[in-house]
Amino acid sequence: MTALLEVRDVRLSFGGLQALDGPSLDVADGEVVGLIGPNGAGKTSLFNCIGGLYRPQSGSIKVAGREVTGLPRHRIASLGVGRTFQNIGLLPSRTVLENVLAGGYHSTTGGWWATTLGLRRIGRSETELSARAIALLAELELSDVAGRMVGTLPFGTLKRIELARALLGEPRLLLVDEPANGLVHSEVLELGTTLRRLAAERGAAILLVEHHMGLVTSVCDRVAVLDFGRLIAQGDPHEVARDPQVVAAYLGSAA
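Every value quoted in this text rests on a predicted model; they were computed, and no experiment measured them. Sequence order sets the numbering: in each chain, residues are counted from 1 along the sequence as written. With the structure being a predicted model, the display of local features is reserved for residues of pLDDT at least 70 and the display and counting of side-chain atom pairs for 80 or more, all residues being used for whole-chain, interface and lining totals. Excluded from the side-chain calculation are hydrogens and water; included are all heavy atoms of the structure.

1. Section: the packing of aromatic side chains
The description of an aromatic ring pair uses the distance of the two centres, along with the angle that the planes make with each other.
Part 1 of the argument: Paired rings are identified among Phe, Tyr and Trp, the last through its six-membered ring, by centres lying within 6.5 Å, and are further divided according to the angle between planes into stacked (under 30 degrees), edge-to-face (over 60) and tilted (the rest). Summed over the entire model, instances satisfying the criterion amount to one aromatic pair.
Part 2 of the argument: Relative to Tyr-54, the ring of Phe-14 lies with its centre 5.3 Å away and its plane at 75 degrees, an arrangement referred to as edge-to-face. Residue Phe-14 is located in strand β1 (residues 3-14), and its partner Tyr-54 is located in the loop between α1 (43-51) and β5 (58-63); the two are separated by 40 residues in the primary sequence. Numbering of helices and strands runs from the N terminus; a helix is a DSSP stretch of H or I covering at least four residues, while a strand is a stretch of E covering at least two.

2. Observations regarding the environment of Ala-102
Part 1 of the argument: Along the chain, Ala-102 falls in the loop between α3 (96-101) and α4 (111-117).
Part 2 of the argument: Accessibility here uses a 1.4 Å probe with only protein chains present; expressed as a share of the type maximum, an area under 20% marks a residue as buried, one over 50% as exposed, and anything in between as partly exposed. Ala-102 sits in the buried class, given a relative accessible area of 7%.
Part 3 of the argument: On a C-alpha basis, the gap between Ala-102 and Leu-168 in space is 8.6 Å, while along the polypeptide they are 66 residues apart.

3. Section: the pattern of salt bridges
Part 1 of the argument: By definition, a salt bridge exists where a carboxyl oxygen of Asp or Glu is found within 4 Å of a side-chain nitrogen of Lys or Arg. Within the structure shown, the criterion is met by 12 salt bridges.
Part 2 of the argument: A salt bridge links Arg-11 to Asp-9, with the shortest nitrogen-to-oxygen separation between them at 3.1 Å.
Part 3 of the argument: Classification of Arg-11 as partly exposed rests on a relative accessible area of 30%.
Part 4 of the argument: Between Arg-222 and Glu-31 there is a salt bridge, with the nearest N and O atoms lying 2.8 Å from each other.

4. Considering the nonpolar core
Part 1 of the argument: Counting 46 residues, the largest nonpolar core has Val-96, Val-100, Ile-161, Leu-174 and Ile-206 as its most contacted members.
Part 2 of the argument: Here this core spans two domains, since at least three of its residues come from each of domain 1 (1-80 + 174-255) and domain 2 (90-170).
Part 3 of the argument: Buried Ala, Val, Leu, Ile, Met, Phe, Trp, Tyr and Cys residues form a nonpolar core when they are joined through side-chain atoms within 4.5 Å. Core analysis: the next-biggest nonpolar cluster, separate from the first, contains 29 residues, Val-10, Val-68, Leu-71 and Val-209 among them. Boundaries between domains were set according to an automatic or database domain assignment.

5. A few points about the pairing of β1
Part 1 of the argument: Here the rule is simple: two strands pair whenever DSSP picks up at least two bridges between them. Where β1 lies against strand β3 (residues 25-28), four bridges are found, and the strand directions are antiparallel. If you follow Leu-5 over to β3, its bridge partner there is Val-27.
Part 2 of the argument: Relative to β5, β1 is paired through five bridges, and the arrangement is antiparallel. When the sheet's bridge partners are listed, Val-7 is paired in β5 with Ile-61.
Part 3 of the argument: Both β1 and strand β2 (residues 17-21) contribute to a ladder of four bridges, which runs antiparallel.

6. Examining the pairing of strand β11 (residues 230-235)
Part 1 of the argument: Two elements, strand β10 (residues 222-227) and β11, share five bridges in a ladder whose sense is antiparallel. Opposite Leu-226, over in β11, you have Leu-231 as the bridge partner.
Part 2 of the argument: Hairpin remark: β10 followed by β11, antiparallel, with two residues in the connecting loop; positive phi at Phe-228, about 50 degrees.

Take a look at the structure:
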């Protein structure tokens, strides 16, 4: 299986703090890989390196064989990388549809504000983008709230809106950061079904950061475990959960 995402020996430090200490991992088309570990293990730091928010001091990150380390965020997005965030970054005073449209700005000629606000100067590509956004809202059962202001909606709905925004750019690689945080059990089950469908039907490669181990074991083909910025285990989710190093990382060496 050919890897769409290739991470090799990435190192990132902030002053004297080593955030990433050489992890390497792959994610293939249609594969869901969980990135797990205790708080502060380096999971979000690795996401930020892949997405272009951080530039590692050394190592290599390739998407579809192209080196993306050091590229600006919009260039990485244009290569087919989409992302959701642990802390939702939606615009509360804009409608659901406007927020979703913001996820496709890098593929339009009008730019971010033209796409988000639906300015008249946008052309045919933006009209097609709107049609895709409406279809995505229907797919994620958000059509009924398309015209609602985001700030009036419950948290579980906001999570689906952010996922729709990330999907609008038709990413080949989707980085999903703690999507189950704050969701009730039924919403977690629905989320798991959605992620598996995206991988199977769209062929998307998904890298999932998540603490909800029920979700991880139900949707992930493989997991990779970080601890203090180092990769300490990877493989089948159920087998990795029994790895002594992983147990010690989560529960302490006494475990």
